[in-house]
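If you want the building blocks of each chain, they are given just below.
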Amino acid sequence: MNFNDNQIDALTEIINIGVGRAAGSLSDLIGERIELHVPVVRVGKFEDMAAQFIVVDDTIEAAVIQDFRGGLQGRAILAFPHESGVKLGQLILKLDSGEAELSEDISGVLEEVGNIVLNGVVGSISNLAGAELSYSVPKLCMGQRIEKIVEAEISRHPTVEQYLVMADARFCVSQRDIDGSLLLVLDALMIKAMLSAVLGQYA
Amino acid sequence: MPYPSFPDSTSFAAFDLLPLGACLVDRNLRVLGWNRVLEEWTGLSRAEVQNTSLADKYPHLSDGRLRNRFNQIVESRSPGVLSAALHGCFLPVQLPGDTPDALMVQKTTIRPWNRAGDVVLVVIEDVTVAFRQLHELRADKHELVSAFAQLKAQAAALSASETRVQAFLSAIPDLILRINADGLCIDVKPPTDSAWSAMTHQFQNRSVFEIFTPPVASELVELLGQVLKSGEPGTIPFQMPIAGSVAEFDGRVVRSGTQEVMLIAADVTDRRHFDEELLISRERLKMATDLAGLGVFDWDIVKNRLDWDDRMFQMYGVDRDSFESAYEAWQKTVHPEDLLTAEVELHSALQGLRDFRTVFRIVRPQTGEVRWLTANGHVVRGVNGEPLRMIGVNRDITDRKRREDQLAKSYAEVKAAREALEAHAKLLSATNEELAEAHRQAQSATRAKSEFLANMSHEIRTPMTAILGYTDLLLQDEAFVGRNPAQVANLETVRRNGQHLLELINDLLDLSKIEANRMQVEWLPTAPLKVVHEVYELIKVRAVEKQLDFQVHFESVVPESFPSDPTRLKQILINLVGNAIKFTMQGQVTLSVRYRLIDEVGWLEFAVRDSGIGMSPDQLENLFQPFGQADASTTRRFGGTGLGLTISKRFAEMLGGSILVESELGRGTTFQVSLPVGEHQQVRLVDATLPAEPIAAAPAKPALPRIEARILLAEDGPDNQRLISTVLRKAGATVTVVENGQLACEAALAAWHGGSPFDVILMDMLMPVMDGYAATSYLREHDYPGPIIALTANAMSGDREKCLAAGCTDYATKPIQREQLLRTIASALQPVSA
C-alpha cells in the first residue's frame, strides 16, 4: 500500500503539531527558545525502508524510546547521531565544547528531551485518533543499532501489519541546527484510519 | 500496560522494599504515599508528610522550572523523566559527612498512577556517585588532554629539531663519527660523494682501535679525553688505509654531550693532488697575461726546468731554440748590477719569507740592449712546505721607466729654480716677519690667558648665583632668622664674602675681556643727568651708612645727550665714587660735573673729590696698574680688588677720554674723568640739577613687586632652577621649569597654541642641547609674541646686544638679584603701550 501526497502532508502536519508543542515545553524548561521542525516525513513498510537505515546506522549513538499501548500501539524513537547528541546536550547544559562523550549528564538531558518530544508527537497522534493510551517510561538506549530497536518492536506483534514513519527532526538551539531522527512504529490500519478521518474532516 | 494495582496508600508499603525513593502525590503535590527510603533521606516520617503538600515543605516545588515540568507531565498523563543535570534534585537531601551544601543528585521519574491522571508516582534515584565520578573524570580528562597536547607539541618540536639536525648533518660532506667516552663509535654519518662511503657503516659499534691504525687510535683517544674535559674542540690530521690506497683526513673533534664527542673527518686526499687544478690556473693565467702584455714563466724547481711563454722570449730577446730551459738561462740575461738583488728576492720567496716581487734590468744577448723588467712570482709547495715550482710573470717597464725618469728630472729642475726664488724672497721678508712674530707671540700669550678667563665667566658666576641666592633666601626667611640668631651673623659673613668674591670676579672678568680685546662699548645717546642721578641713588646709601656728606654739583649747563656708553660711564663713576667713600673715614665726597669747550670740541668732566687718606706720589705711579692698590695693607683695610681703577681707566680710554688723578697724602684725592661730547654746535645744552627730594633723604625702599604670572623658566643648573623658582614662587608666580632651549620652545609654543601662553619666559643663555640664543631666535621666527627675558652670566654689554639681537625683550644678570629680577619681570609684564 502506498501513501499519496495528501496523506503524507497530513501526517507531516500531525507530527509537526506534536513537535511544536514539545518545542514550547522545551523552551520553558531550558529558559531559551528552542525550535523544532519535522520537514520531511516518509512512511512505508520496514522492509521497504531498510535501505535508509544504512545511512544512519553506524552513526546513531543515543536513542530515547517510548512504547505506547491502548487504543494505539507502537513505539516512538528519537535518535541522535553521536555528535548531534553531544552538541544538543552541551547547548542545553551550557557546557564547554571540549566534551566529546555522551556522558551521564548529557544522556540524562537527551532522555528528558526525547521524553518531551515523543510525548508531544504521540500525544498529537492519539488526540486525532481519539485513542486513550498508556505509555512506558522513556528509556535511553546507547550504542544500539537503530534497526534492531525498530525490529524488536515489530517482531513483538507478528500478526499486525506495521508501518514505519521516519522523519528528520531538526532542533534549532542558540542559532545552531541539530539533527536527530524521529521514528514511529505504528499499526498500519490505525494510520490509514486516522489519515482518512483527518482528510475527511478537512475535505 | 496496565496501571499498577495499588489502589490505596496502605498498599504503597510495598515500595518500602525498593532501594529508591518513592512517593505518591496528587497534582497539588499532596502526599498520599511515602516510602521508607524517603523517610531516611528527608528525615520526615510518613505520618508527618501524609496529606500535606510537598510544596509547603520544599519551596522550590511551589513554582519554577521543576514545578512547571511536574505540571506538564501530570497534564500529559504520560510518564516523564526529570534529568539530574537539568533539575538537580526533586527533594533536597543533605548528604552525610559532606560539606553543608552538598545535596544528593537525583534522577526522577514521574508516571500516572490512576486513569484520571490526578495522582502520580514519583520515583527518585540517587545518582550522586555517578555524577561525582563524572566530574572527577572530566577534571582528569582535562588534565590528560592538556598533558597530551603538551607531549604532542614536545614530540613535534623534537622531531622538527631532529629533522633539522639530520638535514644539517647530511649537508656536510665529511665523515662524522659519534664516539663515546670509551672510544666506541656509536653512530656514523658517512661522507657524501665518496666512493667508500658505504663501507663506513661498518664502523658502527666498533672501537676506534678497530677503525683506525693503532697510532691514530691512541692519539684520538687522548684527544677525546681532552675535548671531553675542556669542551674545547681539537684537531687531528690522520691517514686511513681505504680500498687499497691511503686516504688523508683533517679531523676535528668536538664535544657533543657529556660523554660523547663527534669526529668530523674531511677527506683532504684530493686537495693534495693539485696538478689538475694547476693546469686550469695556468690556462686562466695565460689568457690574463696575454691581455695585460705579461710574460709567463713556470720554473719546476725540483727538476730545474724553466718554461717561458712566447712573450717572455720576445721580452728577453732570446730564441726559443737556443734557450737552455733552466734557471741559469735566466740568470745569464740579468744585468750584472741587478743580479744580486734579484736572486736575494727570489730565494726569499722560495724560503717563504715574502712573495717574489722585484724590478731588475736585463741585457738582451744579441743586441746588448738594456730593458727594465718587473717580476712577480708565486711559489707552489709540497705537503711539507718544500718549494716545488714557481709560476710568475714578467713585465717590460722600460718605456714607463724612461718617462718617469724624464719627468723626475724636469721636476727636479723646476723645483730647484723655485727653491732658489723662494730662498731669495725669504731673505727679504725674514726680518719683518721675525719682528712681527715676536710681537704676536707676546700678545697672544696675554690674550690666551685673558680669553681663558673671559670664557670662564659663566662657569665662575653660576655657582655664585646659587651661593648668594640661597644665603639671601635664608636671611629673608623670618622664621629661620628668629630661630637661629647665631647663624644669622655667620650667614651675613657668608653673604658679605660671597659678594666680595663676586665683585672680584666681575672686575677680573671685565679686565680679562678688555685685555682679550673682547670688551666693546656701545655708542648710544647718553644723558649725563640721568647717569649721574642713577649713580647718586645707588651710592648715597653707603655714604649715609658711613655718615659721610655726599653731594653732586652741576657746575655748568651740560649736554642733554651725547654719544657715549651709558653703562660704562655709570660703571666708571660708581667705581670712583665708591672708592672715594671707601677710603674716606670722615668728611665729604663730592661729584662735580661740568661742560668745557676746547677747540670747538665739547668735553664733559666728572670730578670726584674726597677728604680721605690721600696718596703719596709713589703710590700714584702704580695706581692704574692691575692689582695696584696703593699698598697691600690698603687691601686688607678697605677691601676691594684693586682692579676698579684699571678698568675705569680702560673704559674711559675706550670712550675716547681719560682719567686724571691728583692727590696729597692725608688731604684727599681728586679723580677727574674727561669724555668727548662732540662738536659744540651740535650739542644741546640744558640746565641741570638733580631732583630736589631724592637728595634730602633716602627714599623708603619700595616694596618688591608681586608677580602673579605664569612663568616658563629655562635653566639647566639644578641649583639655579631651584633658587630662581623659589624666588618667583615667593613673589606669587607659577613656574614651569625646563632644562634646555629645545624643551623651552616646545613648552612655550604648546602653551601658546593651546591658548594659555606663559606670561614671561626666563631664558638662560647657556644651556645644553639648544642654547638660549637659538631658542629665542627660534621662538621669534615662529612669531612667538610674549616677553622673553634673557638670564646671562655674561653681564657685559656685548652679551646684552647679543641677547636683544636674538629677540629677547630684556635681560637679567646672574648671579640673580632678587629685586632686579622681579622688577625686570614686572616691567616686562606691563603692556608695551604703558
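Residues numbered from 1 in each chain as written. Chains lettered and ligands numbered in written order. Predicted model: local features only at pLDDT ≥ 70, side-chain atom pairs only at ≥ 80, totals over all residues. Heavy atoms only, no water.

Draft legend 1. Inspection of the overall build of chain A at higher detail. Helices and strands together make up the secondary structure of chain A, namely 6 helices and 8 strands. N-terminal to C-terminal, the α/β element order of chain A is α-β-β-α-β-β-α-α-β-β-α-β-β-α. Per-residue burial for chain A yields a buried fraction of 56% across its 203 residues. Contacts in chain A between residues at least 24 apart in sequence constitute 71% of all its contacts with a sequence separation of at least 6. Entry remark: accessible area of chain A is about 8600 Å², with carbon and sulfur atoms responsible for 48%. (Helix = DSSP H or I, 4+ residues; strand = E, 2+ residues; numbered from the N terminus. Buried < 20%, exposed > 50% of the residue type's maximum accessible area, 1.4 Å probe, protein only. Contact = heavy atoms within 4.5 Å. Areas by Shrake-Rupley, 256 points an atom, 1.4 Å probe, with all protein chains shown as cover.)

Draft legend 2. Just the overall build of chain B, in detail. If you tally the helices and strands in chain B, you get 26 helices and 29 strands. Taking all 834 residues of chain B together, the buried fraction comes to 42%. Long-range contacts, defined as pairs at least 24 residues apart, comprise 58% of the intrachain contacts of chain B with a sequence gap of at least 6.

Draft legend 3. Quick peek at the packing of helix α1 (residues 5–30) of chain A against helix α4 (residues 104–129) of chain A. Residues and elements named next belong to chain A. In the contact formed by α1 and α4, the axes pass within 8 Å of each other and the chain directions differ by 145°. You can see that α1 and α4 cross each other, and the crossing is right-handed. Each of I14, I15, I17, G18, V19, R21, A22, S25, L26 and L29 in α1 lies in contact with α4, whose residues at this interface are E112, V113, I116, V117, G120, V121, G123, S124, I125, N127 and L128. Of the residues in the contact of α1 with α4, the class split is 13 nonpolar, 6 polar and 2 charged. (Axes fitted to C-alpha atoms, helices over the stretch in contact; angles between N-to-C directions. Left-handed = near helix turned anticlockwise from the far one by under 90°. Nonpolar A, V, L, I, M, F, W, Y, C, P; charged D, E, K, R; others polar.)

Draft legend 4. Representation of the pairing of strand β8 (residues 176–187) of chain A within the structure. Residues and elements named next belong to chain A. Taken across its 12 residues, β8 has 9 buried, putting it largely inside the fold. For strand β7 (residues 162–173) and β8, the ladder comprises 12 bridges, and the chain directions are antiparallel. Across the sheet, the residue bridging to V173 is R176, located in β8. The antiparallel hairpin formed by β7 and β8 contains 2 residues in its connecting segment, where S174 sits at a positive phi of about 45°. (Pairing = 2+ DSSP bridges.)

Draft legend 5. How the structure looks around the layout of surface pockets. In this model, the second largest pocket occupies a volume close to 510 Å³. Along the walls of the second largest pocket sit 23 residues, with G123 of chain A together with E75, S76, R77 and S78 of chain B positioned nearest its centre. Elements supplying a minimum of two residues to the lining of the second largest pocket: α1, α4 and β5 (133–135) of chain A together with α4 (65–76) of chain B. The element contributing the most residues to the lining of the second largest pocket is α4 of chain A, with 7 residues. For the lining of the second largest pocket, the class distribution of residues is 7 nonpolar, 10 polar and 6 charged. (1 Å grid on protein atoms, 1.4 Å probe; cavity = no way out; pocket = protein on both sides within 12 Å on 5 of 7 lines; lining within 4 Å. Points joined across faces, edges and corners; volume = space filled by probe spheres on them.)

Draft legend 6. Structural detail: the nonpolar core. Residues I15, L88, V117, V165, F171, L182 and L184 of chain A are the most contacted members of the largest nonpolar core, which totals 58 residues. Residues in contact with F171 of chain A, not counting those within four places in the same chain, are L26, I34, E35, L36, L78, F80, L88, V113, V117, R176, D177 and I178 of chain A. Formed by 46 residues, the second largest nonpolar core is a distinct cluster that contains M519, L573, V593 and A688 of chain B. (Core = buried A, V, L, I, M, F, W, Y, C linked by side-chain atoms within 4.5 Å.)

Draft legend 7. Fine view of the confidence of the model for chain A. For chain A, per-residue confidence averages 81 on the pLDDT scale, and residues scoring 70 or more make up 91% of the total. Highest mean pLDDT in chain A belongs to strand β4 (residues 74–81) of chain A (88); lowest belongs to helix α2 (residues 46–57) of chain A (65). (pLDDT = per-residue confidence, 0-100.)

Draft legend 8. Fine view of the interface of chain A and chain B. Counting residues at the interface gives 29 residues for chain A, matched by 25 residues for chain B. Summed over both sides, the interface between chain A and chain B buries roughly 2300 Å², with carbon and sulfur atoms accounting for 56% of that surface. In terms of surface lost to chain B, no three residues of chain A exceed L29, E104 and E112 of chain A, which account for 23% of the buried area on that side. At the boundary of chain A with chain B, the tally comes to 2 salt bridges. (Buried area = accessible area lost by both parts, 1.4 Å probe. Salt bridge = Lys/Arg side-chain N within 4 Å of Asp/Glu carboxyl O.)

Draft legend 9. Representation of helix α26 (residues 818–829) of chain B within the structure. Its 12 residues place the ends of α26 of chain B 16 Å apart at the C-alpha level, agreeing with the 16 Å of an ideal helix rising 1.5 Å per residue. Here the buried face of α26 of chain B lies against β25 (710–714), α22 (718–730), β27 (760–764), β28 (788–792) and β29 (810–813) of chain B. (Expected span 1.5 Å × (residues − 1).)

Draft legend 10. A look at the pattern of salt bridges. With the rule as written, the count across this model stands at 39 salt bridges over all chains. One salt bridge connects E112 of chain A with R69 of chain B, and the closest N-O pair in it is separated by 2.7 Å. With one member in each of two chains, E112 of chain A in helix α4 and R69 of chain B in helix α4 form a pair that bridges those chains. Relative accessible area serves as the criterion here: at 0%, E112 of chain A is assigned to the buried category. As a salt-bridge pair, K570 of chain B and E534 of chain B come within 3.3 Å of each other at their nearest N and O atoms.

Draft legend 11. Looking closely at the sheet that holds strand β13 (residues 356–363) of chain B. Residues and elements named next belong to chain B. As summarised here, the arrangement of the 5 strands in space is β12-β11-β15-β14-β13, forming an open sheet in which the pairing is antiparallel. For this open sheet the edge positions go to β12 (305–308) and β13, each flanked by a neighbour on one side alone. Ignoring which end each strand starts from, the neighbouring axes of this sheet average 25° apart. Note that β13 and strand β14 (residues 370–381) share 8 bridges and pair antiparallel. Paired with I362 across the two strands is R371, which belongs to β14. In the packing of helix α12 (residues 336–350) onto the sheet, contacts are made with β11 (295–300), β13, β14 and β15 (387–396), and the angle to β13 comes to roughly 150°.

Draft legend 12. Spatial organisation of helix α15 (residues 485–515) of chain B. With 31 residues, α15 of chain B extends 45 Å from end C-alpha to end C-alpha; this agrees with the ideal 45 Å at 1.5 Å per step. Positive phi shows up at N517 of chain B, right after α15 of chain B, with a value of about 60°.

Draft legend 13. How the structure looks around empty space enclosed by the protein. Residue and element names in this part refer to chain B. As enumerated under the stated definition, the model contains 5 cavities of 30 Å³ or more in all. Taken as a whole, the largest cavity holds about 130 Å³ of empty space. Along its surface, the largest cavity is lined by 14 residues, and F297, L306, W330, L346 and F356 are the ones closest to its centre. Listing elements by their share of the lining of the largest cavity, those giving two or more residues are β11, β12, α10 (310–316), α11 (327–333), β13 and β15. Along the lines of polarity and charge, the residues of the lining of the largest cavity split into 13 nonpolar, 1 polar and no charged.

Draft legend 14. Local environment of the packing of helix α17 (residues 566–582) of chain B against helix α20 (residues 644–654) of chain B. Residue and element names in this part refer to chain B. Their axes nearest at 9 Å, the elements α17 and α20 cross at an angle of 145°. Our pair here, α17 against α20, has a crossing hand that is left-handed. Of the residues in α20, those touching α17 at R568, Q571, I572, N575, L576 and N579 are G644, L645, S648, F651 and A652. When grouped by side-chain class, the residues that make up the contact of α17 with α20 number 5 nonpolar, 5 polar and 1 charged.

Draft legend 15. Representation of the sheet that holds strand β17 (residues 549–554) of chain B within the structure. Residue and element names in this part refer to chain B. Within the open sheet, the 5 strands sit side by side as β17-β20-β21-β23-β22. Their pairing is mixed. What marks the edges here is a single partner per strand, and that holds for β17 and β22 (658–664). Averaged over all pairs of adjacent strands, the angle between strand axes in this sheet comes to 15°, irrespective of strand direction. Bridge analysis of strand β21 (residues 601–610) against strand β23 (residues 668–679) gives 9 bridges, and the strand direction is antiparallel. Residue pairing across strands places G602 opposite G678, the latter belonging to β23. Along the sheet, helix α16 (residues 528–545) makes contact with β17, β20 (588–598) and β21, crossing β17 at roughly 170°.

Draft legend 16. Structural context of the packing of aromatic side chains. Residues and elements named next belong to chain B. Applying the stated criterion to the full structure yields 14 aromatic pairs over all chains. Ring centres of F313 and F323 lie 5.2 Å apart, and the angle between their planes is 90°; this geometry places the pair in the edge-to-face category. With F313 in helix α10 and F323 in the loop between α10 and α11, this pair connects stretches of sequence that are 10 residues apart. The residues F313 and F323 share a single accessibility class, namely buried. Ring centres of W752 and Y784 lie 5.8 Å apart, and the angle between their planes is 80°; on these two criteria the pair is classed as edge-to-face. Taken together, the positions of W752 in helix α23 (residues 741–753) and Y784 in the loop between α24 (772–781) and β28 put the pair 32 residues apart, joining distant regions of the chain. (Phe/Tyr/Trp six-rings, centres within 6.5 Å; stacked < 30°, edge-to-face > 60°.)

Draft legend 17. Representation of the environment of G786 of chain B in the model. Residue and element names in this part refer to chain B. Turning to its location among the elements, G786 is positioned in the loop between α24 and β28. For G786, a relative accessible area of 14% translates into the label buried. Taking the C-alpha atoms as reference points, G786 and I761, separated by 25 residues in sequence, lie 7.7 Å from one another.

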